[in-house]
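Survey of secondary and tertiary structure
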Amino acid sequence: MFTAIALCVAVFLTTALLSDNLPSGPPDEGELPGMARTHDIELGVAVAVNPLVHDGEYRSVITEHYTSVTAENTMKWQYVQPQRHQFDWSGPDTVVGFAESHDLNVRGHTLLWHNQLPSWLAQGSWSQDELRQIMREHLRALLGRYKGRVSAWDIINEPFEDTSPHLRENLWYRVLGPDYIAEALSMAHEIDPEARLYINEFGIEGGGDKADALHTLVEDLLQRGVPLHGIGFQGHFVHGNVPEDLADHMRRFTDLGLEVSVTELDVRIPEPSREDALEEQADEYRRVVEACLDVPRCVNVTVWGVSDQHSWVPEWFPGYTDALPFDEDYGPKPALSGMTEALSRRPSQRRPHP
Ligand code: G3I
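Residues numbered from 1 in each chain as written. Predicted model: local features only at pLDDT ≥ 70, side-chain atom pairs only at ≥ 80, totals over all residues. Heavy atoms only, no water.

A short note on helix H11 (residues 209–223)
Test applied: Comment: elements are numbered from the N terminus, with helices defined as DSSP H or I runs of at least four residues and strands as E runs of at least two. For a helix, the expected span equals 1.5 Å multiplied by the number of residues minus one. The rule is simple: take the accessible area with a 1.4 Å probe, protein chains only, and divide by the maximum for that residue type; under 20% is buried, over 50% is exposed, in between is partly exposed.
The end-to-end C-alpha distance of H11 is 21 Å, a good match for the 21 Å that 15 residues give at a rise of 1.5 Å each. By the burial criterion, the buried members of H11 are Lys210, Ala211, Ala213, Leu214, His215, Leu217, Val218 and Leu221. Count one or two residues on from H11 and you reach Gly225, which has phi positive near 75°.

Below, the structure written as structure tokens:
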């Protein structure tokens, strides 16, 4: 009798250990947040304020499938401080409030960028001291207001030129020189010492000169003790060009002691997009999530928009479409199954968090 019970217990334990949280049936998309948490990874989505307030289906897609949100536009300088010293918190507060009431993390996007600046700032003629003061005021306003509520910030966005390995000669660079990056990161760290501070960049996902230049910059910043915690791989891909070796390129940065995130994932398909392209796109989404799972300090994969109805792609890339995991009517697409499939694998001990 005792032997039979012991045998049953042993069989049960072995089965439980082998299954190790593996879902038993086919992946269920409704379980995505739980699956992401099991892997100690965040699955995020960029959100816009208007549909967040007015569209219940939009909100449901977010709360049922994701664990973090990024404000697609409303935390950008143009909207937050449209006039000097006049701050508009309505959009950012809506996003952060929504996230808090649904237990979602928030990635803050974005502080220093060459785009979407208000004209008072972009067209002003500033001394170094003035621009430093403006930078400090803006960082203090945003990071101060959301201290402890926004876990990671894209402090520096797209510091390199679009297709070359040279630092972009944006407003900050022109007035303060290349060290504007270190200055901003240091200021941000003083304001919120707990926040994870990021440089967010595109065109680095498959390596190359621009990724090398970013790596060199980052090594220098870290050697000088500048508070930098993460690199954002934006991940705006064209269907057919999602790099096979994304994980390797992320590891180059985690080897320096940083975390990485895929911050703005989408995969645009040239029109007309057919069923087979959507199936291939599913594989591409799967590979991106798997790459993150393969890199112990990859902490977040965020898709850049809730549905194809909200994607920036058709406006910016005429002739491309279908970039996101939900279609214009909020129907789940194969891409969503691709992400689910990646998250269905056995969880591993991926990191301790730094
Ligand atoms: O604010 C105006 C609004 O007043 C007007 O009614 C409306 C009419 O179309 O346009 C609004 O501005 C739009 C703005 O987004 C806010 O919705 C602009 O036309 C539009 O061009 C702008 O595009 C954004 C783009 O950044 C600006 O560079 C996209 O939505 C946003 O997805 C995109 O996000 C960037 C990341 O921040 C950084 N990485 C690249 C990524 C894609 O460009």
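Let's pick the thread back up.
Concerning the pattern of salt bridges
Selection rule: Put simply, a salt bridge is a Lys or Arg side-chain nitrogen that is within 4 Å of an Asp or Glu carboxyl oxygen.
All chains considered together, the criterion is met by 19 salt bridges. With a closest N to O distance of 3.8 Å, Glu244 and Arg287 form a salt bridge. Here Glu244, found in the loop between strand E7 (236–238) and helix H12 (246–254), pairs with Arg287, found in helix H13 (residues 275–294); they are 43 residues apart in sequence, far enough to count as distant. A residue is classified by how much of its surface remains accessible, and Arg287, at 18% relative accessible area, is buried. Salt-bridge contacts for Lys333 lead to Asp322; the nearest nitrogen and oxygen are separated by 3.6 Å. With a gap of 11 residues between them, Lys333 in the loop between strand E10 (320–321) and helix H15 (334–343) and Asp322 in the loop between E10 and H15 connect regions that are remote in the sequence. Lys333 gets classed as buried once you look at its relative accessible area, which sits at 5%. Put simply, Asp129, Arg132 and Glu183 are held in one network by salt bridges that share partners.

What about a negative patch on the surface?
Heads up, the condition is: The patches described consist of residues with a relative accessible area above 30% and no salt bridge, like charges being joined within 9 Å and nonpolar side chains (Val, Leu, Ile, Met, Phe, Trp, Tyr) within 5 Å. In this description, accessible areas are obtained by the Shrake-Rupley approach with a 1.4 Å probe, and a residue is regarded as covered only by the protein chains that are shown. Here the positive residues are Lys and Arg and the negative ones are Asp and Glu; neither His nor the chain ends is included. One atom stands in for each charge, and that atom is NZ of Lys, CZ of Arg, CG of Asp or CD of Glu.
On the surface, Glu275, Asp276, Glu279 and Glu280 cluster together to form a negatively charged patch. Here Asp276 is to be found in helix H13.

What about the environment of Val80?
Counting through the fold element by element, Val80 comes out in helix H5 (residues 77–80). For the pair Val80 and Gly91, spaced 11 residues apart in sequence, the C-alpha separation works out to 8.2 Å.

Things to note about helix H8 (residues 128–145)
For H8, which comprises 18 residues, the first-to-last C-alpha distance of 25 Å matches the rise-based estimate of 26 Å (1.5 Å per residue) to within 8%. Of the residues making up H8, those classed as buried are Leu131, Ile134, Met135, Glu137, His138, Leu139, Ala141, Leu142 and Leu143.

Here's the deal with the nonpolar core
Most often, soluble globular proteins have nonpolar side chains that are buried together. Our working rule: Buried Ala, Val, Leu, Ile, Met, Phe, Trp, Tyr and Cys residues that are joined via side-chain atoms within 4.5 Å together make up what is termed a nonpolar core. Contacts were defined at the residue level, with two residues in contact if any of their heavy atoms lie within 4.5 Å.
Within the largest apolar cluster, 99 residues are counted, with the highest numbers of intra-cluster contacts made by Ile62, Trp153, Ile155, Trp172 and Ile231. The biggest single contributor to this core is helix H10 (residues 180–191), with eight residues. Setting aside its immediate chain neighbours within four residues, Ile231 contacts Tyr198, Ile199, Ile204, Leu214, Val218, Phe253, Leu258, Glu259, Val260 and Ser261.

Quick word on the state of the cysteines
Threshold: Criterion for a disulfide: a pair of cysteine sulfur atoms at a distance within 2.5 Å.
For the structure shown, the criterion picks out one disulfide. The disulfide bridge from Cys292 ends at Cys298, spanning 2.0 Å between sulfur atoms. Given an S-S torsion of about -100°, the disulfide between Cys292 and Cys298 has left-handed geometry. Across the pair, exposure class does not vary: Cys292 and Cys298 are buried alike.

With respect to the packing of aromatic side chains
Rules: Any pair of Phe, Tyr and Trp rings, taking the six-membered ring for Trp, is counted once the centres come within 6.5 Å. Such a pair is stacked with planes under 30 degrees apart, edge-to-face with planes over 60 apart, and tilted for the rest.
On inspection of all chains with the given rule, the structure shows eight aromatic pairs. Pairing Trp89 with Tyr146 gives two aromatic rings, centres 5.9 Å apart and planes at 75°, and the pair type is edge-to-face. Taken together, the residues Trp89 in the loop between H5 and helix H6 (90–101) and Tyr146 in the loop between H8 and strand E4 (152–157) connect sequence positions 57 residues apart. Exposure remark for Trp89: the relative accessible area of 16% places this residue in the buried category. Pairing Phe317 with Tyr320 gives two aromatic rings, centres 6.4 Å apart and planes at 80°, and the pair type is edge-to-face. Phe317 sits in the partly exposed class, given a relative accessible area of 25%. Residue classification places Tyr320 among the partly exposed positions, given a relative accessible area of 27%.

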